[in-house]
Amino acid sequence: MDARDPLAHFRDHFCVLKTKHGEDCIYFCGHSLGLQPKTASSYLEQVLRDWTGLAVEAHFHAQSPWISYHRLLTQQTAALVGAEPAEVVVMNSLTLNLHLMMVSFYRPTTQRHKILVERGAFPSDQYAVKSQIHFHGFDPATSLMELTPREGESCMRDEDIEALIDREGDSIALILLGGVNYATGQVFDMAGITKAGQGKGCAVGFDLAHAVGNIPLRLHDWAPDFAVWCNYKYLNGGPGCVGGCFVHERHTSALDLPRFAGWWGHDEKIRFQMGPDFHPTPGAEGWQVSNQPILALAPLRASLEIFAEAGLERLRAKSVSLTGYMEFLLHQQPSTKFSIITPPDAARRGAQLSIRLRRDGRTLCDRLAAEGVIGDWREPDTFRVAAVPLYNSHQDVYRFVQGFLAAL
Ligand SMILES: *Cc1c(COP(=O)(O)O)cnc(C)c1O
């Protein structure tokens, strides 16, 4: 499979982590922090050189002027999430973008005040959502609603989600789910959920932290109100990299939506007239607040270029193969010591497999890490591993499973 892999050479575009003996690690942690593209440093150095040589003039006169630097990422970002360019912007960070989106799209009333999230949503999302509920004078005890799997199951069933929305939708102001659940790796039916939610008059948003760069997305067609994501997981933009944000076209000219404004969201043509009144620029860019962190954007250019060259369709095909192979190998050695909680259907998962360990999982994970096998341990019992098609191989998968079973 590796010999026939048309994407195999992309591994050489990345700084593959080494063990202390100088061998390549098996890095299965691209769901948390993607590896560094080798070209990232040249983009960073260019910004530093422009700062050295041009200082403030670099805003307009650098080779890639800082004033519009974020737009260098717009086309490729739009392609990755299946959006129109005007519907996306890279800015801030994920949780902050989530707050900004809730300011505009979580508009609770006494009849309709709930936010629907998945049980065990990523903690930052839970804190953000609860604080928004408090901010509007409501109580999470009555305004936060959680989707819960059936007794004895780990993942949510599509029909249960839709039934819940149908039953409770009239009281739900906002449905906010992960595109891919970070703990189980389950892919949600974003098209179906959006349709069901909007049929009930709910706003719908997705957190795509674990979906973007992992599975194909068609946000424009699915038409949720908004989506947010980070660019440092599958997208390899570097630690604390600038996040992404999608606002559907039907809202991007709705200049009367409430929002927390700043000068970078102001109409660009009159921004430097420095007037007192805010006139949002059309499109998702109208939600920008501050001038862009150019140094944090630079490495993302390197990564998105690689994605554009590799193509998400081909990456997804390889990803399905890698993950399927990992599952196949693990099932060759059935054991009561572990189970896979990620859905077995390739269409309902991305690159990640979540392996639940009955006991001593943390020790096992630490031992593998000492051998250069890097996954992610989540308390209380889950080992999350992702074979990333840009830089992992079938051989990595094979060696991982051998090491895992031996350590088990
Ligand atoms: C990674 C991740 C975050 C991290 O939030 P930051 O604001 O980027 O620190 C938040 N939510 C989800 C679902 C994540 O997977």
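Residues numbered from 1 in each chain as written. Predicted model: local features only at pLDDT ≥ 70, side-chain atom pairs only at ≥ 80, totals over all residues. Heavy atoms only, no water.

Some points on the site of the ligand
Moving on, step 1. All residues adjacent to the ligand are Leu94, Thr95, Phe122, Asp125, Asp207, Ala209, His210, Tyr232 and Lys233.
Moving on, step 2. Taking His210, its side chain carries an N or O atom lying 2.9 Å from an oxygen atom of the ligand.
Moving on, step 3. One of the side-chain nitrogen or oxygen atoms of Tyr232 is found 2.6 Å away from an oxygen atom of the ligand.
Moving on, step 4. Bound to the protein, the ligand loses 82% of the 390 Å² it would expose on its own.
Moving on, step 5. Residues that form the shell around the ligand fall into these classes: four nonpolar, two polar and three charged. (Near = heavy atom within 4 Å. Polar contact = N/O pair within 3.5 Å; in protein donor to acceptor, adjacent residues only side chain to side chain. Areas by Shrake-Rupley, 256 points an atom, 1.4 Å probe, with all protein chains shown as cover. Nonpolar A, V, L, I, M, F, W, Y, C, P; charged D, E, K, R; others polar.)

Comments concerning the packing of aromatic side chains
Moving on, step 1. Scanning the model with the defined rule gives 14 aromatic pairs in all.
Moving on, step 2. Pairing Phe105 with Trp287 gives two aromatic rings, centres 6.5 Å apart and planes at 25 degrees, and the pair type is stacked. Taken as a pair, Phe105 in helix α4 (residues 94–105) and Trp287 in the loop between α10 (249–252) and α11 (294–310) lie far apart in primary sequence, 182 residues in all. Each member of the pair, Phe105 together with Trp287, is buried.
Moving on, step 3. Measuring from centroid to centroid gives 5.4 Å for Phe338 and Phe404, while their planes differ by 85 degrees, and the two rings are edge-to-face. In this pair, Phe338 sits in strand β9 (residues 338–340) while Phe404 sits in helix α14 (residues 394–407), placing the two residues 66 residues apart along the sequence.
Moving on, step 4. What makes Phe404 buried here is its relative accessible area of 0%.
Moving on, step 5. Counting every residue linked through ring pairs, the aromatic cluster contains Phe28, Phe338, Phe383, Phe400 and Phe404.
Moving on, step 6. The ring of Phe122 carries the charged tip of Lys233 above its face, separated from the ring centre by 5.1 Å.
Moving on, step 7. Taking NZ or CZ as reference, Arg271 lies 4.1 Å from the ring centre of Trp264, over its face. (Phe/Tyr/Trp six-rings, centres within 6.5 Å; stacked < 30°, edge-to-face > 60°. Helix = DSSP H or I, 4+ residues; strand = E, 2+ residues; numbered from the N terminus. Buried < 20%, exposed > 50% of the residue type's maximum accessible area, 1.4 Å probe, protein only. Lys NZ or Arg CZ within 6 Å of the ring centre and 35° of its normal.)

Let's talk about the pairing of strand β13 (residues 382–386)
Consecutive residues of a regular strand have side chains that alternate between opposite faces of the sheet.
Moving on, step 1. Most of β13 is tucked away, with five of its five residues classed as buried.
Moving on, step 2. Neither face of β13 is left uncovered, since the one carrying Thr382, Arg384 and Ala386 and the one carrying Phe383 and Val385 both have all their residues buried.
Moving on, step 3. Where strand β10 (residues 352–357) meets β13, five bridges bridge the pair, whose relative direction is antiparallel. Paired with Ile355 across the strands is Phe383, a residue of β13.
Moving on, step 4. Where strand β12 (residues 376–378) meets β13, three bridges bridge the pair, whose relative direction is antiparallel. Of the residues in β13, the one forming a bridge with Arg378 is Thr382. (Pairing = 2+ DSSP bridges.)

Looking at the sheet that holds β12
The strands making up a sheet associate through backbone hydrogen bonding, with each pair oriented either parallel or antiparallel.
Moving on, step 1. Here we have four strands laid out as an open sheet, ordered β9-β10-β13-β12, and antiparallel in their pairing. In this open sheet, the two edge strands, each paired with only one partner strand, are β9 and β12. Strand-to-strand twist across the sheet, computed as the mean angle between neighbouring axes with direction ignored, equals 25 degrees.
Moving on, step 2. On top of the sheet, helix α13 (residues 361–370) reaches β10, β12 and β13; it is set at about 165 degrees to β12, its chief contact. (Axes fitted to C-alpha atoms, helices over the stretch in contact; angles between N-to-C directions. Contact = heavy atoms within 4.5 Å.)

Here's the deal with a nonpolar patch on the surface
Moving on, step 1. Side chains of Phe60, Trp263, Phe272 and Met274 sit close together on the surface and give an oily, nonpolar patch of about 460 Å² of accessible area.
Moving on, step 2. Mapped onto the fold, Phe60 is located in helix α2 (residues 58–61). (Patch = residues over 30% accessible without salt bridge, like charges linked within 9 Å, V, L, I, M, F, W, Y side chains within 5 Å. Salt bridge = Lys/Arg side-chain N within 4 Å of Asp/Glu carboxyl O.)

A short note on helix α8 (residues 190–199)
An α-helical segment advances 3.6 residues per turn. Residues three or four places apart therefore align on the same side.
Moving on, step 1. Every buried residue of α8 is listed here: Met190, Gly192, Ile193, Thr194, Ala196 and Gly197.
Moving on, step 2. Gly201 occupies a position one or two residues after α8 and carries a positive phi of about 80 degrees.

Thoughts on the sheet that holds strand β2 (residues 88–91)
Moving on, step 1. If you walk across this open sheet you meet the seven strands as β2-β8-β7-β6-β5-β3-β4, and the pairing is mixed. The sheet is open, and its two edges are formed by β2 and β4 (144–147), each paired on a single side. Neighbour to neighbour, the strand axes of the sheet diverge by 20 degrees on average, direction disregarded.
Moving on, step 2. Where strand β3 (residues 114–118) lies against β4, four bridges are found, and the strand directions are parallel. For Val117, the partnering residue across the bridge sits in β4 and is Glu146.
Moving on, step 3. Along the sheet face, α4 touches β2, β3, β5 (172–178), β6 (203–207), β7 (226–229) and β8 (243–247) and points at about 165 degrees away from the line of β7.
Moving on, step 4. Seen against the sheet, helix α5 (residues 123–135) touches β3, β4, β5 and β6 and runs at an angle of roughly 150 degrees to β4.

Regarding unusual backbone geometry
Moving on, step 1. In this structure, the amide linkage connecting Glu379 to the following residue, Pro380, adopts the cis form with an omega of 5 degrees.
Moving on, step 2. Here Pro380 is to be found in the loop between β12 and β13.
Moving on, step 3. Of note, Asp360 is a non-glycine position whose phi angle comes to about 55 degrees, a positive value.
Moving on, step 4. Mapped onto the elements of the fold, Asp360 is located in the loop between β10 and α13.

A few points about the domain arrangement of the protein chain
Moving on, step 1. Under the domain assignment, the protein chain is made up of domain 1 (8–30 + 311–407) and domain 2 (48–306).
Moving on, step 2. With centres defined by C-alpha atoms, the gap from domain 1 to domain 2 works out at 28 Å.
Moving on, step 3. Contact with domain 1, which involves 26 residues of that partner, is made by 21 residues of domain 2.
Moving on, step 4. Together domain 1 and domain 2 conceal approximately 1800 Å² of surface at their shared face, both sides included; 55% is due to carbon and sulfur atoms.
Moving on, step 5. Inspection of the domain 1/domain 2 interface yields eight residue pairs in polar contact (both at pLDDT 80 or more).
Moving on, step 6. Of all the secondary-structure elements, those providing two or more residues to the side of domain 1 that touches domain 2 are α12 (312–331), β10 and β13.
Moving on, step 7. Here the side of domain 1 that touches domain 2 takes four residues from α12, the largest share from any one element.
Moving on, step 8. Across the side of domain 1 that touches domain 2, the residue classes break down as eleven nonpolar, eight polar and seven charged. (Domains from an automatic or database assignment. Buried area = accessible area lost by both parts, 1.4 Å probe.)

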